[in-house]
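Residue-level listing of the chains:
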Amino acid sequence: MVRLGWHDSGTYDKNIEEWPQRGGADGSLRFEPELKHGANAGLINALKLIQPIKDKYPGISYADLFQLASATAIEEVGGPKIPMKYGRVDVTEPEQCPPEGRLPDAGPRDPAGHLREVFYRMGLDDKEIVALSGAHTLGRARPDRSGWGKPETKYTKDGPGEPGGQSWTVEWLKFDNSYFKLLTTLQDMKFLSQIPLEEQKEQDLLVLPTDAALFEDPSFKVYAEKYAEDQEAFFKDYAEAHAKLSDLGAKFDPPEGFSLDDITSDEPADDKKEEAAPTPEPVVAAAPPAAPAPEPVAVAVATATADDNNGAAPQPEPFSAAKYSYGKRELSDSMKQKIRAEYEGFGGSPDKPMQSNYFLNIMILIAGLAFLTSLVGN
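Residues numbered from 1 in each chain as written. Predicted model: local features only at pLDDT ≥ 70, side-chain atom pairs only at ≥ 80, totals over all residues. Heavy atoms only, no water.

**Q** How should I be thinking about the environment of Asp176 in this particular structure?
**A** Relative to the helices and strands, Asp176 is located in the loop between strand 2 (166-167) and helix 7 (178-184). It is 8.4 Å that separates the C-alpha atoms of Asp176 and Gly134, two residues lying 42 residues apart in sequence. In terms of polar contacts, Asp176 uses its side chain to reach the side chain of Thr137, at 3.3 Å. Separated by 2.7 Å, the side chains of Asp176 and Ser178 make a polar contact. (Helix = DSSP H or I, 4+ residues; strand = E, 2+ residues; numbered from the N terminus. Polar contact = N/O pair within 3.5 Å; in protein donor to acceptor, adjacent residues only side chain to side chain.)

**Q** In this structure, what is going on with a nonpolar patch on the surface? I would like to understand it.
**A** Nonpolar side chains collect at one region of the surface, where Leu365, Leu369, Phe371, Leu372 and Leu375 lie side by side and expose about 510 Å² of accessible area between them. The residue Phe371 is located in helix 15 (residues 358-377) in this model. (Patch = residues over 30% accessible without salt bridge, like charges linked within 9 Å, V, L, I, M, F, W, Y side chains within 5 Å. Areas by Shrake-Rupley, 256 points an atom, 1.4 Å probe, with all protein chains shown as cover. Salt bridge = Lys/Arg side-chain N within 4 Å of Asp/Glu carboxyl O.)

**Q** I would appreciate a short explanation of helix 5 (residues 111-122) in the present structure.
**A** Taking 1.5 Å of rise per residue, twelve residues should cover 16 Å, and helix 5 covers 17 Å from first to last C-alpha, within 8% of that figure. With respect to burial, helix 5 is a largely interior element, nine of its twelve residues being buried. Here helix 5 has its buried residues at Pro111, Ala112, His114, Leu115, Arg116, Val118, Phe119, Arg121 and Met122. Trailing helix 5 by a residue or two, Gly123 shows a phi angle of about 95°, which is positive. (Expected span 1.5 Å × (residues − 1). Buried < 20%, exposed > 50% of the residue type's maximum accessible area, 1.4 Å probe, protein only.)

**Q** Where do I start with the side chain of Ser259 in this structure?
**A** Following the sequence through the fold, Ser259 ends up in the loop between helix 11 (231-247) and helix 12 (282-286). From its side chain, Ser259 meets the backbone nitrogen of Asp261 in a polar contact 3.0 Å long.

**Q** How should I be thinking about the side chain of Thr156 in this particular structure?
**A** By the element assignment, Thr156 lies in the loop between strand 1 (140-141) and strand 2. Residues contacting Thr156, with those up to four places away along its chain left out, are Arg140, Pro163, Gly164, Gly165, Gln166, Ser167 and Trp172. (Contact = heavy atoms within 4.5 Å.)

**Q** I'm lost on the confidence of the model for the protein in this one. Help?
**A** The predicted coordinates of low-pLDDT regions are not to be read in fine detail. Per-residue pLDDT for the protein has a mean of 81; in total, 72% of the residues score no lower than 70. Throughout residues 269-328 the model reports pLDDT below 50, and contacts reaching past four residues in sequence, or to other chains, amount to 74 contacts. (pLDDT = per-residue confidence, 0-100.)

**Q** Looking at this structure, how should I read the packing of helix 10 (residues 218-229) against helix 11?
**A** Axes are the key here: two packed helices are described by the angle between their axes and the distance separating the axes. Here helix 10 crosses helix 11 at 120°, and the two axes come no closer than 5 Å. Overall, the two elements helix 10 and helix 11 adopt an arrangement that is oblique. Contacts between helix 10 and helix 11 involve Lys226, Tyr227 and Glu229 from the first element and Gln231, Ala233, Phe234 and Asp237 from the second. Each residue belonging to the contact of helix 10 with helix 11 can be placed in one class, and the counts come to three nonpolar, one polar and three charged. (Axes fitted to C-alpha atoms, helices over the stretch in contact; angles between N-to-C directions. Parallel < 35°, antiparallel > 145°, perpendicular 65-115°, else oblique. Nonpolar A, V, L, I, M, F, W, Y, C, P; charged D, E, K, R; others polar.)

**Q** Teacher, can you tell me more about unusual backbone geometry here?
**A** Note that the residue after Trp19, namely Pro20, is joined by a cis bond; omega there is 5°. If you trace the backbone, Pro20 turns up in the loop between helix 1 (2-9) and helix 2 (32-35). In this chain, Asp253 is followed by Pro254 through a cis amide linkage whose omega measures 5°. With respect to the element layout, Pro254 can be found in the loop between helix 11 and helix 12.

**Q** Got a minute to help me understand the pattern of salt bridges in this structure?
**A** Side chains bearing opposite charge may pair, as long as their charged atoms lie close to each other. For the structure shown, the criterion picks out eleven salt bridges. For the salt bridge of Arg116 with Asp126, the shortest nitrogen-to-oxygen distance reads 3.1 Å. Taken as a pair, Arg116 in helix 5 and Asp126 in helix 6 (residues 126-133) lie far apart in primary sequence, ten residues in all. Classification of Asp126 by relative accessible area gives buried; the value is 11%. Between Glu162 and Arg145 there is a salt bridge; the shortest N-O distance is 3.7 Å.

**Q** Honestly, the packing of helix 3 (residues 43-56) against helix 4 (residues 62-76) in this entry has me stumped. Any pointers?
**A** Interhelical geometry of helix 3 versus helix 4 gives an angle of 120° and a closest axis separation of 11 Å. The angle between helix 3 and helix 4 falls in the class oblique. Classified by chirality, the crossing of helix 4 by helix 3 is right-handed. Contacts between helix 3 and helix 4 involve Leu47, Ile50, Gln51, Ile53 and Lys54 on the former and, on the latter, Tyr62, Leu65, Phe66 and Ala69. (Left-handed = near helix turned anticlockwise from the far one by under 90°.)

**Q** How should the environment of Arg3 be read in this particular structure?
**A** Position of Arg3 among the secondary structure elements: in helix 1. Residue Arg3 is classed as partly exposed on the basis of its relative accessible area of 28%. The sequence separation of Arg3 and Ala135 amounts to 132 residues, and the corresponding C-alpha distance is 9.6 Å. A polar contact is formed between the side chain of Arg3 and the backbone oxygen of Ala41, at a distance of 2.8 Å.

Have a look at this one:
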């Protein structure tokens, strides 16, 4: 999942302004031409795992879904919470895929120079290159996909999941700074570039030329040694770099994007009482930004559960004005969505409020009809 998100966004070229020619996080990796790029070998398996979620929530863009899966994977295996935003727009045709050759190579002739060439093109610096490299603490390389690694090792022969491949770390489903700790041991040994090929094949843990470069290059080494000693510093820098990478090249709708925290919050209702202003339409003001595109990923994630309606999103309840009478109590997110839908159904929107009060007009109309009825009766 991390590789899927990164390879979708990692095609970004900061020197190209036009979208989607500039590449980046635009969902193009779902198309066959890009899936066939050499660097993307095997990612069809990740796409197959993603597709049922896309089918269940078609309003989510592929671009958002890839990056959501990537950030969620990091958090689920003990890594930091990534400050993500969503609202990415998908490309629509295979012809909009970026050209092959924009992703990094694991074994270039000049590893450090190659890393800088690729990541500088994306607008990332040395610190971000080293921090992102720390994600090699996860997963395995497979010779039939990347051309690197062994078919299996003592750490991977029994899985979990599909067995095989060669990992960089012993606990390759745990996100921590062990990748950097293991690389520090190479300072007392020969680096990979100096180890004969036959000796490399005997190792159970993988060290690519681009991994070894983090301690061979003086600028990279400063950050690599820091992360080996301080996991908290690594987590902080990694989370920022991951979020930045996930936004590269993306076109957002709304333009500023939105956060899942805009729609779901763990704060207790009592803590929010002072924040809600006593305006005639407080719920509308608190609703998330509207977009002309289909239902955004945040709404789907916030309102759906796994076991309702055989996996389908919950159906809206019939509108009841009585449910608006909550006084100062904080409304639930689902109720805010219902109120929002009703409000927009009457012609209003968060960006352009209705010119008149719908409910007040109804009361005036009823009063007028009652007056006319009394006249007719008299």
